[in-house]
Amino acid sequence: DVAQLASEAGLARDILPAGGLGPRTRLEVQTFPSAQIMRGNVFSLGSDGVEAMLRAEGEARAEGCRVFQWFLNAGTADAAAGAGVLSGAGYRFGGLAPRWFDDDALLMQKLDEPLDPEVIHLYSDRAREILAMALGGPHFAKT
């Protein structure tokens, strides 16, 4: 889980209970069509946020993007709700980004191409556990 990843990275973090969506969405999106990547920062996620995020994904796809990344501000109570919604839209946990927003961020990402885990070469049991967590779906299944 995220608390374990933070601990293993030497990050002392208090993990607070998740909350629902906030009152207002604030996000920023960048596209890099030559690299086929869309990257978005979600500072706060309100009830209109998921629609705005999926609309941004569609616009980026029209520009030729095939990799979609959202950094969710883990310092807000709405980050877990956003991760759950994105998981339902095909996104997977991509990692913990310490101090991305001054607070930490959860990276959620989606590829338009099917992922073949068999071609990913990992060299430790822990790396394989993290991959299994990333592929585990909406609740970041533990192995």
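As the structure is a prediction and not an experimental result, all values here were calculated from the model. (Residues numbered from 1 in each chain as written. Predicted model: local features only at pLDDT ≥ 70, side-chain atom pairs only at ≥ 80, totals over all residues. Heavy atoms only, no water.)

**Q** Whenever I open this one, the layout of surface pockets confuses me. Can you help?
**A** Gaps left between atoms are located by rolling a probe of water-molecule size over the structure's atoms. In this structure, the second largest pocket spans a volume of roughly 290 Å³. In terms of lining residues, the second largest pocket is bounded by 16 residues, among which Arg92, Phe93, Gln109, Leu115 and Leu135 are the most central. Elements supplying a minimum of two residues to the lining of the second largest pocket: strand S4 (92-97), strand S5 (105-111) and helix H4 (125-135). Of the residues assigned to the lining of the second largest pocket, the class counts are nine nonpolar, four polar and three charged. (1 Å grid on protein atoms, 1.4 Å probe; cavity = no way out; pocket = protein on both sides within 12 Å on 5 of 7 lines; lining within 4 Å. Points joined across faces, edges and corners; volume = space filled by probe spheres on them. Helix = DSSP H or I, 4+ residues; strand = E, 2+ residues; numbered from the N terminus. Nonpolar A, V, L, I, M, F, W, Y, C, P; charged D, E, K, R; others polar.)

**Q** Explain the pairing of strand S2 (residues 37-44) here, please?
**A** Regular strands place their side chains on alternate faces of the sheet. Both strand S1 (residues 26-32) and S2 contribute to a ladder of seven bridges, which runs antiparallel. By the bridge assignment for S2, glutamine 30 is matched with arginine 39. Connecting the antiparallel pair S1 and S2 is a turn made up of four residues, with glutamine 36 showing a positive phi of about 60 degrees. With six bridges joining them, S2 and strand S3 (residues 67-73) adopt parallel strand pairing. Within S3, the residue paired with valine 42 across the bridge is leucine 72. With respect to chirality, the unit in which S2 leads through helix H2 (residues 49-62) into the neighbouring parallel S3 is right-handed. (Pairing = 2+ DSSP bridges. Right-handed = clockwise from strand over helix to strand, strands pointing away.)

**Q** Sorry if this is basic, but what is going on with the pattern of salt bridges here?
**A** Side chains bearing opposite charge may pair, as long as their charged atoms lie close to each other. Under the counting rule described, the total for this entry stands at eight salt bridges. Across the salt bridge formed by arginine 61 and aspartate 112, the nearest N and O atoms sit 2.9 Å from each other. Taken together, the residues arginine 61 in helix H2 and aspartate 112 in the loop between S5 and H4 connect sequence positions 51 residues apart. In this structure, arginine 126 and glutamate 129 form a salt bridge, with 3.0 Å as the shortest nitrogen-oxygen distance. Of this pair, arginine 126 and glutamate 129 both sit in helix H4, three residues apart, which is roughly one turn of that helix. A residue is classified by how much of its surface remains accessible, and arginine 126, at 24% relative accessible area, is partly exposed. Glutamate 129 gets classed as partly exposed once you look at its relative accessible area, which sits at 34%. Within the structure, one salt-bridge network assembled from shared partners comprises Glu57, Arg61, Arg66, Lys110 and Asp112. (Salt bridge = Lys/Arg side-chain N within 4 Å of Asp/Glu carboxyl O. Buried < 20%, exposed > 50% of the residue type's maximum accessible area, 1.4 Å probe, protein only.)

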